[in-house]
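Each chain, letter by letter, is given below.
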Amino acid sequence: HNCKLIMKSGNTKHISWYISIYAAKHQQHSSNTSALLAKTITYHRQSEAHNSNLQQLNCCLIRCCANSLSCEQEFSAPEVISYLMGWGDCYISHHFEMIHWNSVVSLLKKMFPQLCEQQ
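Keep in mind that what you see is a predicted model, and the values were worked out from it rather than measured.

**Here we look at the packing of helix α2 (residues 33-47) against helix α3 (residues 54-71)**
- For the pair α2 and α3, interaxial distance at closest approach is 10 Å and the crossing angle is 140°. One finds that α2 runs oblique with respect to α3. Seen along the crossing, α2 lies across α3 with a hand that is right-handed. Together, T33, L36, L37, T40, I41 and H44 of α2 and L57, C60, L61, C64, C65, S68 and L69 of α3 make up the contact between the two elements.
- Looking at the contact of α2 with α3 residue by residue, the classes come out as nine nonpolar, four polar and no charged.

Pasting the structure below:
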């Protein structure tokens, strides 16, 4: 990790302004999940007041909450580009290989017999 001590007043002023604006930024509508869910639950209770089937009520409530969260979801610019280009919704920068743990353990026991004695 690189740390840089900012001594010049202009740089200090700029970084202080950026940090304070970032910390005090206005929360967007979908960022406030609890308020969004509270609004959904209130609407759900009013619209389903006539229904007495608890299982159906709970299923409908879960569906309504999931729908309200997904329709208010915000996408970043890289996500939008990735979807539009057909690249999918995840980016993996490395290639992974499967490690068979039993093979590793048996090789270690063969190379270091004292490991077998410690068990």
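Additional details are given in the paragraphs that follow.
**Observations regarding the confidence of the model for the protein**
- Taken as a whole, the protein shows an average pLDDT of 77; of its residues, 76% reach a score of 70 or greater.
- For the protein, helix α1 (residues 9-23) is the element with the lowest average pLDDT, namely 68, and helix α5 (residues 101-111) is the one with the highest, namely 89.

**Section: a nonpolar patch on the surface**
- Where nonpolar side chains cluster on the molecular surface, the patch consists of F75, V80, I81, Y83, L84, M85 and W87 and spans about 780 Å² of accessible area.
- Relative to the assigned elements, F75 resides in the loop between α3 and α4 (77-84).
- Take F75: its relative accessible area is 43%, and that puts it in the partly exposed class.

**So, the environment of N67**
- Tracing the sequence through the fold places N67 in helix α3.
- Put simply, N67 and T40 are 27 residues apart on the chain and 9.5 Å apart in space, counted from C-alpha to C-alpha.

**Section: α3**
- Helix length check: α3, at 18 residues, gives a terminal C-alpha distance of 25 Å against a target of 26 Å (1.5 Å per residue), a fit within 8%.
- When we look at burial in α3, the residues that qualify are L57, C60, C65 and S68. Buried residues in α3, looked at end-on, bunch into an arc of 135°, giving them a common side. Residues Q55 and I62 are exposed on α3 and point more than 90 degrees away from its buried face.
- On its buried face, α3 sits against α2.

About the cut-offs
- Residues numbered from 1 in each chain as written.
- Predicted model: local features only at pLDDT ≥ 70, side-chain atom pairs only at ≥ 80, totals over all residues.
- Heavy atoms only, no water.
- Axes fitted to C-alpha atoms, helices over the stretch in contact; angles between N-to-C directions.
- Helix = DSSP H or I, 4+ residues; strand = E, 2+ residues; numbered from the N terminus.
- Parallel < 35°, antiparallel > 145°, perpendicular 65-115°, else oblique.
- Left-handed = near helix turned anticlockwise from the far one by under 90°.
- Contact = heavy atoms within 4.5 Å.
- Nonpolar A, V, L, I, M, F, W, Y, C, P; charged D, E, K, R; others polar.
- pLDDT = per-residue confidence, 0-100.
- Patch = residues over 30% accessible without salt bridge, like charges linked within 9 Å, V, L, I, M, F, W, Y side chains within 5 Å.
- Areas by Shrake-Rupley, 256 points an atom, 1.4 Å probe, with all protein chains shown as cover.
- Salt bridge = Lys/Arg side-chain N within 4 Å of Asp/Glu carboxyl O.
- Buried < 20%, exposed > 50% of the residue type's maximum accessible area, 1.4 Å probe, protein only.
- Expected span 1.5 Å × (residues − 1).
- Arc of directions from axis to C-beta.

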